[in-house]
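Each chain, written out:
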Amino acid sequence: MIEPAQRAAALREQLHEHAHRYYVLDDPSVPDADYDRLYRELEALEAEHPELIVPDSPTQRVGAQPNSAFEPVRHRLPMLSLANAFSEQEVRDFDRRARERAGEDALVYVVEPKMDGLAVSLTYERGLLVKAATRGDGRTGEDVTANVRTIRQVPLRLSGDVPELVEIRGEIYLPLAGFHEMNRRLEADGAKTFVNPRNAAAGALRQLDPAVTARRPLEIVCYAVGHLEAGSLPTTHMELLELIAAWGLPVSSLNQRVDSIDDCLRQYAELQAAREELPFEIDGVVYKVDDLAIRETLGQVARAPRWAIAHKFPAEEVSTRLLDVEFQVGRTGALTPVARLDPVFVGGVTVSNATLHNMDEIERKDVRIGDRVVVRRAGDVIPEVVRVLIDERPDDVQRVEQPAACPVCGSDVVRAEGEAIARCSGGLVCSAQREGALRHFVSRRAMDVDGMGDKLIEQLVASGRVQSPADLYTLTQDELASLERMGEKSAANLVAALERSKQTELGRLIYAIGIREVGEVTAQSLANAFGDLPALIDADEEALLAVPDVGPIVARHVRSFFEQEQNLGVLESLRELGVRWPKIEVVESPAEQALSGKTFVLTGSLETMTRDDAKARIQASGGKVTGSVSRKTDYVVAGADPGSKLAKAEALGIEVLDEAGLRALLGDAD
Ligand code: D41
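Residues numbered from 1 in each chain as written. Predicted model: local features only at pLDDT ≥ 70, side-chain atom pairs only at ≥ 80, totals over all residues. Heavy atoms only, no water.

On to the sheet that holds strand 23 (residues 635-638). Pairing is parallel across the open sheet formed by 4 strands, whose spatial order is 22-21-23-24. Each having just a single partner strand, strand 22 (624-626) and strand 24 (655-657) make up the two edges of the open sheet. Each adjacent strand pair in this sheet contributes to an overall mean axis angle of 35°, direction not counted. Taken together, the 4 bridges between strand 21 (residues 599-603) and strand 23 define a ladder with parallel strand orientation. Each bridged residue has a counterpart across the sheet, and for Leu602 the counterpart in strand 23 is Val637. Here helix 24 (residues 644-652) sits on the sheet and contacts strand 21, strand 23 and strand 24; the angle it forms with strand 21, its principal contact strand, is near 135°. (Pairing = 2+ DSSP bridges. Helix = DSSP H or I, 4+ residues; strand = E, 2+ residues; numbered from the N terminus. Axes fitted to C-alpha atoms, helices over the stretch in contact; angles between N-to-C directions. Contact = heavy atoms within 4.5 Å.)

Here we come to the packing of aromatic side chains. Evaluation of the coordinates by the stated rule reveals 7 aromatic pairs. For the ring pair Phe441 and Tyr473, a centre distance of 6.4 Å and an interplane angle of 75° mean the geometry is edge-to-face. Of the two residues, Phe441 sits in helix 12 (residues 431-442) while Tyr473 sits in the loop between helix 14 (469-472) and helix 15 (477-481), which places them 32 residues apart along the sequence. Tyr473 carries the same exposure label as Phe441, and that label is buried. Between the NZ or CZ atom of Arg575 and the centre of the ring of Trp581, over which it lies, the distance is 4.9 Å. (Phe/Tyr/Trp six-rings, centres within 6.5 Å; stacked < 30°, edge-to-face > 60°. Buried < 20%, exposed > 50% of the residue type's maximum accessible area, 1.4 Å probe, protein only. Lys NZ or Arg CZ within 6 Å of the ring centre and 35° of its normal.)

Most of strand 17 (residues 372-376) is tucked away: 4 of the 5 residues are buried. Pairing analysis gives 4 bridges linking strand 17 to strand 18 (residues 384-388), with the strands arranged antiparallel. Residue pairing in the sheet places Val373 in a bridge with Val388 of strand 18.

As a further point, take the pattern of salt bridges. For the coordinates displayed, the defined rule picks out 44 salt bridges. Across the pair Arg559 and Glu563 runs a salt bridge whose closest N-O atoms are separated by 3.6 Å. Within this pair, Arg559 and its partner Glu563 are both found in helix 21 (residues 552-563), separated by 4 residues, close to a single helical turn. A relative accessible area of 17% places Arg559 in the buried class. Glu563 sits in the exposed class, given a relative accessible area of 54%. Bridged by salt links that share partners, the residues Arg21, Asp27, Lys192 and Asp391 form one connected network. (Salt bridge = Lys/Arg side-chain N within 4 Å of Asp/Glu carboxyl O.)

Note that Gly333 resides in the loop between strand 14 (317-329) and strand 15 (335-346). We classify Gly333 as buried; its relative accessible area is 0%. Taking the C-alpha atoms as reference points, Gly333 and Glu181, 152 residues apart in sequence, are found 34 Å from one another. When sequence neighbours within four positions are dropped, the list of residues in contact with Gly333 reads Ala422, Arg423, Cys424 and Gln433.

Moving on, we get to the confidence of the model for the protein chain. Low pLDDT means the predicted atomic positions in that stretch should not be read closely. Confidence in the prediction for the protein chain averages 91 pLDDT; 98% of positions are at 70 or higher. The secondary-structure element of the protein chain with the lowest mean pLDDT is helix 23 (residues 611-620), recorded at 83, while strand 3 (residues 109-115) shows the highest, at 98. (pLDDT = per-residue confidence, 0-100.)

Okay, unusual backbone geometry next. Positive phi is not limited to glycine here, since Arg485 has a value of about 55°. Classification of Arg485 by relative accessible area gives exposed; the value is 66%. A positive phi angle, close to 70°, is found at Glu517, a residue other than glycine.

A pair of packed helices is characterised by two quantities: the angle between their axes and the separation of those axes. It is the contact of helix 1 (residues 4-24) with helix 2 (residues 32-48), at a shortest axis distance of 10 Å, that shows an interaxial angle of 145°. For the crossing formed where helix 1 meets helix 2, the hand is left-handed. Where helix 1 approaches helix 2, its residues Pro4, Arg7, Ala8, Leu11, Arg12, Gln14, Leu15, His18, Ala19 and Tyr22 are matched on the opposing element by Asp32, Tyr35, Leu38, Tyr39, Glu41, Leu42 and Leu45. (Left-handed = near helix turned anticlockwise from the far one by under 90°.)

Next up on the list: the side chain of Gln619. If you trace the backbone, Gln619 turns up in helix 23. Given the relative accessible area of 13%, Gln619 is considered buried. Residue contacts for Gln619: discarding those within four places in its chain leaves Gln524 and Asn528.

Moving on to the packing of helix 3 (residues 88-102) against helix 9 (residues 261-274). With their axes 10 Å apart at the nearest point, helix 3 and helix 9 run at an angle of 145° to one another. In this structure, helix 3 meets helix 9 at a crossing whose hand is right-handed. Contact with helix 3, carried on its side by Glu88, Val91, Arg92 and Asp95, involves Ile261, Asp262 and Leu265 of helix 9 and no other residues of that element. Residues of the contact of helix 3 with helix 9, tallied by class, amount to 3 nonpolar, no polar and 4 charged. (Nonpolar A, V, L, I, M, F, W, Y, C, P; charged D, E, K, R; others polar.)

Let us look at the nonpolar core. With 51 residues, the main nonpolar core has Met452 and Leu526 as its most contacted residues. Ignoring sequence-local partners within four residues, the contact set of Leu526 consists of Ile510, Val518, Gly531, Leu536, Leu544, Val547, Val550 and Val558. In terms of nonpolar packing, the next biggest core, distinct from the first, is built from 32 residues, Val144, Val154, Leu158 and Ala200 among them. (Core = buried A, V, L, I, M, F, W, Y, C linked by side-chain atoms within 4.5 Å.)

Of all residues adjacent to the ligand, which total 16 residues, the nearest are Glu112, Met115, Glu171, Tyr223 and Lys288. Here an oxygen atom of the ligand and a backbone polar atom of Met115 are 2.8 Å apart. When the ligand is considered free in solution it has 490 Å² of accessible area, and contact with the protein chains removes 88% of it. Going through the elements one at a time, strand 3, strand 8 (219-229) and strand 10 (282-289) are the ones with two or more residues in the shell around the ligand. Across the shell around the ligand, the residue classes break down as 10 nonpolar, 1 polar and 5 charged. (Near = heavy atom within 4 Å. Polar contact = N/O pair within 3.5 Å; in protein donor to acceptor, adjacent residues only side chain to side chain. Areas by Shrake-Rupley, 256 points an atom, 1.4 Å probe, with all protein chains shown as cover.)

Right under this line is the structure:
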């Protein structure tokens, strides 16, 4: 066993090194979650053995040491820190303590997104910006006035009625688009890139030359008033935020006032769901007691207010050991290297596999078996290995070799010139490809056969009973009921689901048959352009290229798909077995349709039509429907109980339509 004193010293040394890279060099070596874990371990060790606490322990200094390149600024009022909560229980404990101290039954809170940036203080004298400082250790920060003055969102003069002197606090951050753009340029110049937007923002803010800062698209969100002279404040935090906004400073449009801690938790879930869609990074939400008088009563403990808490989202990036790399074969034969990991909790779930994308990525990231790697899982996105902690590479790591033969069927693995992806050349001989094709065929957005799970497909392929999608429609209830893990009831349900799926739409069918590079949107475009299957089968390259969304590569894949006799055979069988779809009326010149070039996002439930109906109508008028809101979205159609997409649309200033608004665009008479 390691002695506590030895362990504490090791932790201190690691934390010092990490903190130096994080705060001074703006170039952290490990994910924040790793740092937090080491920090909490040291805290716990010191709590158990107080004699191990040394004055220069990282736990004895909260925040950053000022960088000597900038003048120190003593904050007139200390910039407090925020206590963290990582679980619902911790949040409820916080609320209970606050209610008890305040003697209230329930507290009104304001929920704010927790921007992942740098806290700053802006001092305005008679409305003029005179000083901008980083938070530093909370008492003393760095004078970054010259750099902050280059941020367009920061007014150099406040508007309206302003106090003699007021200090505003907020968070400076770099939106994701700016971050990616900045890294692209750094990479093109062969320079070192930033690992995350916050470090990039810190780097930008601490430039010695403000002209460099000026070229970084930094933004700010303000959330508090610090020192104040000769002015008065409203009685609630929400009004305070409104006042800050009236002075001309940016305030988050996602802030919400709520009546209870339950609503706080609901808002947490909403923002967590919206997180991936937001144009900037947030690492949690902050709950703040709204009533300023109650805040006075609550006061602070250590250097954090008792009236506010940060509820953190689960870390999206953590590090773990890469145990092995295996190759998975997809429905197009593509070989995907999959990392087998020492299981870790990331993005809210335990992950033991992550994608490595392809061999080029493995080379680029220099990933070797045995490495300590950073794993990222954001939202519903498949977990991926993002980088190697090269400083921690053991001596005995092994290179990843691409297999020469398919790990499933043994056929040759080939890699076409200029392609990043290697493929199994076995085609439908390869059971992995056959299974993949079937999984895709029955999936919800394709033929939507409810209850046809992966395990069942595996059995049907292994026994040779199902070779092609058409074979699915020849399965009988008795036959299904005799399979492993299948009862009479599920067999009956499955037959019914297969039967139901026969009545489909052309776009779905085109998507379902799995033509390379033809996704849902392209399949729908092809359906709209050709109206029925025979016309599509006969379409030559020129006709295909005239379809929106279709380029030379897609056109070639479509042609080669329909040139294969066996594919035509499968389509014919599907028809014989009863698969049907309505013809689509072909509009000659799609460019002149009402909604051409317009992109829609649907959210919430509509009253007079389903979302799928609305989607079909929009597409029939030449519009495009996508799943997530971005700057490219033209309209968000919001029904009842809209989700985070509405919040994002509002944050991005995108036009929001109700059902009547959509009908008006579609040309429906009212
Ligand atoms: O968005 C944020 N990162 C954020 C940070 C926020 N929305 N509110 C905050 N409120 C405070 C108090 C309650 C202490 C005025 C904060 C921070 N503090 C904060 N940021 C960095 C340290 C503390």
